[in-house]
Amino acid sequence: MKETLEEKSTSRRDFIRALAVGAVATCGGAVFETARAERTYSPQKGKNRFVFVVDVRKCIGCDACVAACKAERNTPLGVFNTWVEKWEVGYTDPATGETRVKVLNVPKLCNHCENPPCVKVCPVYATYRDEGDGLVLQRYERCIGCRLCEQACPYGVRYIDPIMMVMNKCTWCDHRVRNGLKPACVDTCPTKAREFGDLSNPNDPIWELINKNSVQVLKPETGAKPRVFYIGLEGIEGIYVGTGSDRKTQHPPAVWTDTATGRVYTFNVRTQHNKFR
Amino acid sequence: MVESLGVALPNHKVEWTVLIVTYPFFSGIVAGSTVISLLVYLLGYKNLAHLERVGHFVALSCLLVAPLAPFFDLTMPARGFLVPFYPNLSSPIFLFFVFWTLLFIVMLLKSYFLLRRDFIGRAKEGGFFGSLAGFLTFGARDVNPEEDDKKVRFWALISFPLAFAFTGYVGFLLSAMQAVPMWGSHILIPVFLVSAVVSGIGASLFFYLVGNSFQEISVRAEDLRLPVVIMAVFAGLDLLLLFLEIILEWYWNTAHWPLLASAMGANLLSYLIAILALLFVFLGGFTGLGRSTGGITLLSIASLLGIYAMRWITVIPPQMVDKGGRAVVSPHIKLIGREGFSEVIALFLLGLFFILLFASVAGWRSTHHKEVT
Ligand code: SF4
Ligand code: SF4
Ligand code: SF4
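Calculation criteria
Residues numbered from 1 in each chain as written. Chains lettered and ligands numbered in written order. Predicted model: local features only at pLDDT ≥ 70, side-chain atom pairs only at ≥ 80, totals over all residues. Heavy atoms only, no water. Helix = DSSP H or I, 4+ residues; strand = E, 2+ residues; numbered from the N terminus. Buried < 20%, exposed > 50% of the residue type's maximum accessible area, 1.4 Å probe, protein only. Contact = heavy atoms within 4.5 Å. Areas by Shrake-Rupley, 256 points an atom, 1.4 Å probe, with all protein chains shown as cover. Patch = residues over 30% accessible without salt bridge, like charges linked within 9 Å, V, L, I, M, F, W, Y side chains within 5 Å. Salt bridge = Lys/Arg side-chain N within 4 Å of Asp/Glu carboxyl O. Phe/Tyr/Trp six-rings, centres within 6.5 Å; stacked < 30°, edge-to-face > 60°. Near = heavy atom within 4 Å. Nonpolar A, V, L, I, M, F, W, Y, C, P; charged D, E, K, R; others polar. Axes fitted to C-alpha atoms, helices over the stretch in contact; angles between N-to-C directions. Left-handed = near helix turned anticlockwise from the far one by under 90°. 1 Å grid on protein atoms, 1.4 Å probe; cavity = no way out; pocket = protein on both sides within 12 Å on 5 of 7 lines; lining within 4 Å. Points joined across faces, edges and corners; volume = space filled by probe spheres on them. Expected span 1.5 Å × (residues − 1). Parallel < 35°, antiparallel > 145°, perpendicular 65-115°, else oblique. Pairing = 2+ DSSP bridges. Lys, Arg positive; Asp, Glu negative; His and termini not counted.

**Overview of the overall build of chain A**
Then, number 1: Secondary structure summary: chain A contains eight helices and 12 strands in total.
Then, number 2: In chain A, which comprises 277 residues, the share counted as buried stands at 48%.
Then, number 3: Here the analysis covers contacts within chain A between residues at least 6 apart in sequence; of these, 59% occur between residues at least 24 apart.
Then, number 4: In the form shown here, chain A has an accessible surface area of approximately 13700 Å², with 57% of it arising from carbon and sulfur atoms.

**A short note on the environment of Pro70(B)**
All names here are of chain B.
Then, number 1: Tracing the sequence through the fold places proline 70 in helix H3 (residues 68-73).
Then, number 2: Sequence separation between proline 70 and serine 185 is 115 residues; the distance between their C-alpha atoms is 22 Å.
Then, number 3: Setting aside chain neighbours within four positions, we find proline 70 in contact with Ile20 and Tyr23.

**Thoughts on a nonpolar patch on the surface**
Then, number 1: A cluster of nonpolar side chains, namely Phe243(B), Leu244(B), Ile247(B), Leu248(B), Trp250(B), Tyr251(B) and Trp252(B), defines an oily patch on the protein surface of about 780 Å² accessible area.
Then, number 2: As for its placement among the helices and strands, Tyr251(B) is situated in helix H8 (residues 225-251).

**Some points on the packing of aromatic side chains**
Residue and element names in this part refer to chain B.
Then, number 1: Tallied over the full model, the rule gives 25 aromatic pairs over all chains.
Then, number 2: Ring geometry for phenylalanine 71 and phenylalanine 72: centres 6.2 Å apart, planes at 45 degrees, overall tilted.
Then, number 3: The partly exposed category is assigned to phenylalanine 71, whose relative accessible area is 33%.
Then, number 4: Using a relative accessible area of 31% as the deciding quantity, one classes phenylalanine 72 as partly exposed.
Then, number 5: Judged by centre distance (6.1 Å) and plane angle (35 degrees), the ring pair of phenylalanine 96 and phenylalanine 166 falls under tilted. Within this pair, whereas phenylalanine 96 is found in helix H4 (residues 92-125), its partner phenylalanine 166 is found in helix H6 (residues 145-175), the two being separated by 70 residues in sequence.
Then, number 6: We classify phenylalanine 166 as buried; its relative accessible area is 0%.
Then, number 7: Here the aromatic cluster, defined as three or more aromatic residues joined through ring pairs, consists of Tyr23, Phe96, Phe97, Phe166 and Tyr169.

**Notes on the site of ligand 2**
Then, number 1: Looking at ligand 2, there are 13 residues lining it, with Cys122(A), Cys143(A), Cys146(A), Arg147(A) and Cys149(A) nearest.
Then, number 2: For the shell around ligand 2, a count of residues per class yields nine nonpolar, three polar and one charged.

**Overview of unusual backbone geometry**
Residue and element names in this part refer to chain A.
Then, number 1: The phi dihedral of asparagine 74 is positive, around 55 degrees, even though this residue is not glycine.
Then, number 2: Tracing the backbone through its elements, the reader meets asparagine 74 in the loop between helix H2 (64-73) and strand S2 (83-92).
Then, number 3: By relative accessible area, which is 65% here, asparagine 74 ends up exposed.
Then, number 4: The backbone phi angle of methionine 165 is positive, close to 60 degrees, even though this residue is not glycine.
Then, number 5: By the element assignment, methionine 165 lies in the loop between strand S6 (159-160) and strand S7 (167-168).

**A closer look at the site of ligand 1**
Then, number 1: Around ligand 1, the structure places 14 residues, and the nearest of them are Cys110(A), Cys113(A), Cys118(A), Cys153(A) and Arg158(A).
Then, number 2: Partitioning the shell around ligand 1 into residue classes produces 10 nonpolar, two polar and two charged.

**Details of the packing of helix H1 (residues 18-41) of chain B against H6(B)**
Residues and elements named next belong to chain B.
Then, number 1: For the pair H1 and H6, interaxial distance at closest approach is 8 Å and the crossing angle is 150 degrees. As H1 packs across H6, the resulting crossing turns out to be left-handed.
Then, number 2: The class makeup of the residues in the contact of H1 with H6 is 16 nonpolar, seven polar and two charged.

**Comments concerning empty space enclosed by the protein**
Then, number 1: Under the definition given, this model contains 10 cavities of 30 Å³ or more.
Then, number 2: As a volume, the largest cavity reaches approximately 170 Å³.
Then, number 3: Considering the residues around the largest cavity, the lining is formed by 18 residues, among which Glu150(A), Gln151(A), His12(B), Lys13(B) and Lys323(B) are closest to the centre.
Then, number 4: Elements represented by at least two residues in the lining of the largest cavity include exactly helix H4 (148-152) of chain A together with helix H11 (293-320) of chain B.
Then, number 5: When grouped by side-chain class, the residues that make up the lining of the largest cavity number seven nonpolar, five polar and six charged.

**Looking at helix H2 (residues 49-65) of chain B**
Then, number 1: Between its first and last C-alpha atoms H2(B) spans 24 Å; for 17 residues at 1.5 Å apiece the expected length is 24 Å, and the two agree.
Then, number 2: Burial runs high along H2(B): 16 of the 17 residues are buried.

**What to know about the environment of Ser270(B)**
Residue and element names in this part refer to chain B.
Then, number 1: Relative to the helices and strands, serine 270 resides in helix H10 (residues 268-286).
Then, number 2: With 38 residues separating them in the primary sequence, serine 270 and tyrosine 308 have C-alpha atoms 8.8 Å apart.
Then, number 3: For serine 270, the contacting residues outside a window of four places in its chain are Ala309, Trp312 and Ile313.

**A look at the packing of helix H9 (residues 257-266) of chain B against H11(B)**
Residue and element names in this part refer to chain B.
Then, number 1: At a minimum axis separation of 8 Å, H9 and H11 run at an interaxial angle of 130 degrees. Judged by the inter-axis angle, H9 sits oblique to H11. Crossing hand, H9 versus H11: right-handed. Residues Leu260, Ala263, Met264 and Ala266 of H9 lie in contact with H11, whose contacting residues are Pro317, Pro318 and Met320.
Then, number 2: Here the residues of the contact of H9 with H11 are counted per class, giving seven nonpolar, no polar and no charged.

**A few points about the pairing of strand S10 (residues 228-231) of chain A**
Residue and element names in this part refer to chain A.
Then, number 1: Neither face of S10 is open: one carries Val228 and Tyr230, the other Phe229 and Ile231, and all of them are buried.
Then, number 2: Judged from the four bridges that link them, strand S1 (residues 50-55) and S10 form a sheet pairing that is parallel. Pairing of valine 53 across the sheet is with phenylalanine 229, part of S10.
Then, number 3: The pairing of strand S9 (residues 215-216) with S10 spans two bridges and is classified as antiparallel. When the bridges of S10 are listed, valine 215 appears paired with isoleucine 231.

**Points about the side chain of Asp238(B)**
Residues and elements named next belong to chain B.
Then, number 1: Along the chain, aspartate 238 turns up in helix H8.
Then, number 2: Notably, aspartate 238 is buried but unbridged: the nearest opposite-charge side chain belongs to arginine 311, and the N-O separation is 6.5 Å.
Then, number 3: If we skip the residues at most four places from it in the chain, aspartate 238 touches Val191, Val194, Ser195, Leu278, Ile307 and Met310.

The quantities given are spatial measurements derived from coordinates; they are silent on function.
Here you go:
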């Protein structure tokens, strides 16, 4: 009987000791895990940390970013993670008859949307949004190639990789940015028209850029909440980028009259990479 | 057809072509043929039981072939099996799995109770089909056709809403793609449902009439009056919805309208086929054509052509409009090879093979149906 009691008390002690060790290990693990998570991901789970800023006033349309991206991501012929569009925007003021024309180079890439329609439709979570840092990424080994995500993306940035035969797109260079580097296209841009930053860091210079300038996003009416912020589209955001109204007439035809101001706008877009296929 | 009108975004491609046109065509036939089941088992039109049986063979065949179309369309078809393992409930493809599986089970159960009386008789004849029929009785030796009819009625009534959910989901799938002009329209789901009725009845009538004429069985055209009229009414409704869809896009003068209009122009032949064929079915159903077996055969062919063209104009032109809003890009459809017409032809032949197989095992007509012929 005594033996049994001793055995019991030993086993109870063992159990409590094991419990204590387990608790310490678990808490310690959690602390380390948090520390690691803080270093790699945003501590605010579900909030985007990384943002991309494109200052179209600075872009000279040299396409160095396009070349850098091709090299960095080993992107096959005929498909693009990024490209630079040429927009020709102008308006004629009926009161003065004055015509103003603006030519802009507008770089495009995946917006790593906060509410990405591409992720919503993927049947196997092959495209997913990392809730830690907000990157919208691909699980190449899982993609079945249904192209639902490509149809759902309002920005036309997705493509079937002709070599892997699965979906691919701009990753905001996750392999670089998660290791403290900037995306290849940002590093290469000679005029600093492309900037990349970390909003979870209050000292990041990206804050200054965003705070000092008026920023716009493309196609806000789709509700995708894109995270590439453009500087220099003010004044024409009413035409192309949208005014926040959900009218279907958001994107204008080539000639468009603003009924409020009476101004007649003309709009033209040219890209340089449409004939590679 | 235009190569590119204006400047397209560099990755733009018409991704879904003939296979995705064919997929809703098959799924629509599945749903539409259940309308005849409803006439027989809910409203008591027993004189349509032979037609319903053929319609059931057609529906079952299309149900088996339909998923192969999107499956062949995958760039990684071998990974298709991953879908149930990583289910994303917000993906329209998940709904496809749910509806297809449920409908398949219901259709199998209906088939069993509808056909086992024939399997029992057939098993006694021996031979390859006899042995197959013997296996398909699953041990049943003596059945009461009246009792079985009650069960068939039950499963037929369940298959009707399920089949329409299955085909309506295709409309839902496209309407979930708000980024593609026209697909975001709410009219798309009614278009899919109404088209389904036309093609389902059309396919059942076509195979019924052609099959009977091969076997030299005479058919009374007046027995088919009701399905022909229903097909004609729905063809008219489909035409109305098509016009409404186009007029709404034009009237609201959406930003995409000029581009959409030129994409439509590039597919003018399909629009003409759809409009003329549906008009022919609509008018023909109420005239002398709808009162003769030859005329009904013509109408059924026109209905299938018209609905295939409808599927084409729903799937192809909206994808031709570039997301940059400046260009229209033409689809590249191969004759032979991946996503080519050859795959579509193979699917149609497979469907035909299944219909012939079912008819051979279970018999073209049931000897047990008490009906007026
Ligand atoms: S831009 Fe397109 S691909 Fe990128 S996250 Fe947004 S919806 Fe997805
Ligand atoms: S193509 Fe791949 S990533 Fe895109 S929705 Fe289909 S499975 Fe997902
Ligand atoms: S972030 Fe990387 S992947 Fe995206 S455009 Fe720039 S270089 Fe290409």
